[in-house]
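Residue-level listing of the chains:
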Amino acid sequence: MHILMIASENDAIKGAKVGGVADVVRDAPRALANFNHHVSVIIPDYANYAEQFGHCTEAHFYVAFAGQMEEVILKKLGDEHHNVQQYVISHPSFITGSVYLNDIDNRPFARDATKYAFFCAAIAEAITLDLFAPIDVVHLHDWHSAVFAVLAKYSERYQPLTAIKQVFTVHNIALQGIRPFRYDSSSLEAWFPALSYDGQVICDPRYPHCFNPMRAAINLADKVHVVSKTYADEVLLPSQPERGFFGGEGLEQDLINAKVHGKLVGIINGCEYPEHDEVQADFDAFLRRAKYNVFNWMAKSVELKTVQYLANERINEWLANTSVTGPIFTSIGRLTDQKVLLLRQTRDHVPVLSTILSLLAQANGRLVILGSGDSQIEFEFMQLMAKHNNFLFLNGYGQDLSDELYGLGDLFLMPSSFEPCGISQMLALRAGQPCLVHGVGGLKDTIIDNETGFVFFGDNLNSQIDGLLEKVSQAIECYQHDQTHWQQLITNAKQARFGWHQSAEQYIQALYQN
């Protein structure tokens, strides 16, 4: 079987990763290849990635897009390696300095939507021109690849592509890539003026004058995959953010229809497990590495950012006093309300994160958060770092820092309001760090309360806050007064396995062959 994976990110290519989807697109093909299937992976060429490989083969061709004939290049990067082949589509419009772009509020997704619509059109044309080996399955990842399904269904030129089985994976249903149907340079009819489509199938249910790529792919693909069994149930229910529940985000009816027709499948993502145990991190060494990273972040701006100055001061304080007798809590990830909504809530006019820091301080514990994202969240965390001397907020990202934090921490904090699968908790477990998580999505499916960590629940925001603070207190109590149980948590965490082999086997049986 030959599977073509279409995605926006791929960590098999250096510099082409932003989030967890890049890990999936890196690891899932290798696991599928172990079953003697051939997998090709293709993303846009954001930064002349051919330079990373020994050689590349190029195919130049033209694509009709936005009323123009655009020349693009399909680059085959190196040779097929263990049944996996990497590709990129090159065009000057893809080289933007970053994988994703931010647009003003009244034109959300505008530049990215245009970029990925063009990318999908180029892939459809490349398949039509037989520039790939014969393909059995096209596996689409998130809204960025969804226009491929639209073209296969509605474009006269590309309609033969419907003979190829299409699988669509929803990694993040909160981001749907919604754009107008018309009257905008970044709209479906601007991209494909001659396209005759059924708007009832591909419109946004809340904004019928808009095209919703994610809904389109859910409705048009042969199989719809969400990345954990629990999340496959959650997305069938409407979101109720006022009580802290996030479900189908407007697409629940389409997902219910997919389930009724046997299209919806929940398969958890996997994690790679090295043959040898990871080297235990040293706290002093981590602080020195963090200082080096903070300096690098400082150097990227003409003006000194307060958050970097405060982080450097905190690192200096901790380097002068490295005797940590209490637990070290850690957290890594994008700073969005998906991840930290509960930490931003208040109880008796005090932020929940501030209460957690006070509980940690009573046990001589510390918290290290590594991440960036929403500017308001960054500001709030900076303010709390100034207030609490047991809090280090590293406002940036460094792979070296995250790798060390997984091995360094005593407890990994991941109180996401929703989490389709999550990879951070798996990486923390792999390094022997128990996790404290909200019992939603993939977190519920991977963390067992009092065995590999601590799990809290709640039917509304207040009960979720109560559950979170109760589990924080329980974890601190266990760390301080029941080291036998704590060491068992660590052992259980290290032994937990969510390997890609099992997930790939389910891909083949439930997504590709069924």
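Here is a short report on the structure shown in this document. (Residues numbered from 1 in each chain as written. Predicted model: local features only at pLDDT ≥ 70, side-chain atom pairs only at ≥ 80, totals over all residues. Heavy atoms only, no water.)

**Here we look at the packing of aromatic side chains**
- According to the stated counting rule, one finds 23 aromatic pairs in the structure shown.
- Here phenylalanine 65 and phenylalanine 192 contribute two aromatic rings whose centre-to-centre distance is 5.6 Å and whose plane-to-plane angle is 80°, an arrangement assigned as edge-to-face. On the criterion of sequence distance, the pair formed by phenylalanine 65 in strand 3 (residues 56–65) and phenylalanine 192 in the loop between helix 4 (188–191) and helix 5 (199–202) is long-range, its members being 127 residues apart.
- For phenylalanine 192, a relative accessible area of 9% gives the class buried.
- Ring geometry for tyrosine 116 against tryptophan 143: centres 6.0 Å apart, planes inclined by 85°, an arrangement best described as edge-to-face. Residue tyrosine 116 is located in helix 2 (residues 110–128), and its partner tryptophan 143 is located in the loop between strand 6 (137–141) and helix 3 (147–154); the two are separated by 27 residues in the primary sequence.
- Classification of tyrosine 116 as buried rests on a relative accessible area of 1%. (Phe/Tyr/Trp six-rings, centres within 6.5 Å; stacked < 30°, edge-to-face > 60°. Helix = DSSP H or I, 4+ residues; strand = E, 2+ residues; numbered from the N terminus. Buried < 20%, exposed > 50% of the residue type's maximum accessible area, 1.4 Å probe, protein only.)

**Brief notes about the side chain of serine 145**
- Mapped onto the secondary structure, serine 145 falls in the loop between strand 6 and helix 3.
- For serine 145, a relative accessible area of 0% corresponds to the buried category.
- Within the local environment of serine 145, its side chain forms a polar contact with the backbone nitrogen of histidine 141, the two atoms lying 2.8 Å apart.
- Within the structure, serine 145 has its side chain in polar contact with the backbone oxygen of aspartate 142 (distance 3.1 Å).
- If near-sequence neighbours (up to four positions away) are discounted, serine 145 is found in contact with Ile6, Cys120, Leu140 and Phe168. (Polar contact = N/O pair within 3.5 Å; in protein donor to acceptor, adjacent residues only side chain to side chain. Contact = heavy atoms within 4.5 Å.)

**What about the pattern of salt bridges?**
- Applying the stated rule across the entire model yields 22 salt bridges.
- Taking the shortest distance from any N to any O, the salt bridge between aspartate 23 and arginine 26 comes out at 3.1 Å. With aspartate 23 and arginine 26 both in helix 1 (residues 20–33), this residue pair falls three residues apart, about one helical turn. This pair shows no difference in class: aspartate 23 is buried, exactly as arginine 26 is.
- With a closest N to O distance of 2.9 Å, glutamate 419 and lysine 339 form a salt bridge. With glutamate 419 in the loop between strand 17 (411–414) and helix 15 (424–430) and lysine 339 in helix 11 (residues 337–344), this residue pair connects regions lying 80 residues apart in the sequence.
- On the accessibility criterion, glutamate 419 (4% relative accessible area) is buried. (Salt bridge = Lys/Arg side-chain N within 4 Å of Asp/Glu carboxyl O.)

**Concerning the sheet that holds strand 4 (residues 68–81)**
- If you walk across this open sheet you meet the nine strands as 3-4-5-2-1-6-7-10-11, and the pairing is mixed. Strands with a single pairing partner mark the edges of an open sheet, and in this sheet they are strand 3 and strand 11 (264–266). For this sheet the average axis-to-axis angle between neighbouring strands, irrespective of direction, equals 25°.
- One ladder, built from six bridges, connects strand 4 with strand 5 (residues 84–90); its direction is antiparallel. Counterpart to leucine 77 in the pairing with strand 5 is glutamine 86. (Pairing = 2+ DSSP bridges. Axes fitted to C-alpha atoms, helices over the stretch in contact; angles between N-to-C directions.)

**Examining helix 12 (residues 352–362)**
- Listing the buried residues of helix 12 in full gives Val352, Leu353, Ser354, Ile356, Leu357 and Leu360.
- Among the residues trailing helix 12, asparagine 364 stands out with phi positive, at a value near 60°.

**Digging into the packing of helix 11 against helix 17 (residues 461–481)**
- Where helix 11 contacts helix 17, the axes come no closer than 9 Å and their chain directions differ by 80°. Viewed along their axes, helix 11 and helix 17 adopt a mutual orientation that is roughly perpendicular. Counting all contacts with helix 11, which are made through Leu341, Leu342 and Leu343, the residues of helix 17 involved are Leu461, Gln464, Ile465 and Leu468.
- Here the residues of the contact of helix 11 with helix 17 sort into six nonpolar, one polar and no charged. (Parallel < 35°, antiparallel > 145°, perpendicular 65-115°, else oblique. Nonpolar A, V, L, I, M, F, W, Y, C, P; charged D, E, K, R; others polar.)

**So, the state of the cysteines**
- A complete count under the given rule lists zero disulfides for this structure.
- Unpaired in terms of disulfides, cysteine 120 finds its nearest cysteine sulfur in cysteine 210, a separation of 19 Å.
- A relative accessible area of 0% means that cysteine 120 is categorised as buried.
- Left unpaired, cysteine 478 is separated from the closest cysteine sulfur, that of cysteine 435, by 14 Å.
- Residue cysteine 478 is classed as buried on the basis of its relative accessible area, which comes to 8%. (Disulfide = S-S within 2.5 Å.)

**Description of the packing of helix 10 (residues 306–320) against helix 13 (residues 375–387)**
- Helix 13 packs onto helix 10 with a crossing angle of 30° between their chain directions and a minimal axis gap of 10 Å. Considering the angle they form, helix 10 stands roughly parallel to helix 13. In this structure, the crossing between helix 10 and helix 13 has a hand that is left-handed. Contacts between helix 10 and helix 13 involve Thr306, Val307, Leu310, Ala311 and Arg314 on the former and, on the latter, Met382, Met385 and Ala386.
- Tallied by class, residues from the contact of helix 10 with helix 13 come to six nonpolar, one polar and one charged. (Left-handed = near helix turned anticlockwise from the far one by under 90°.)

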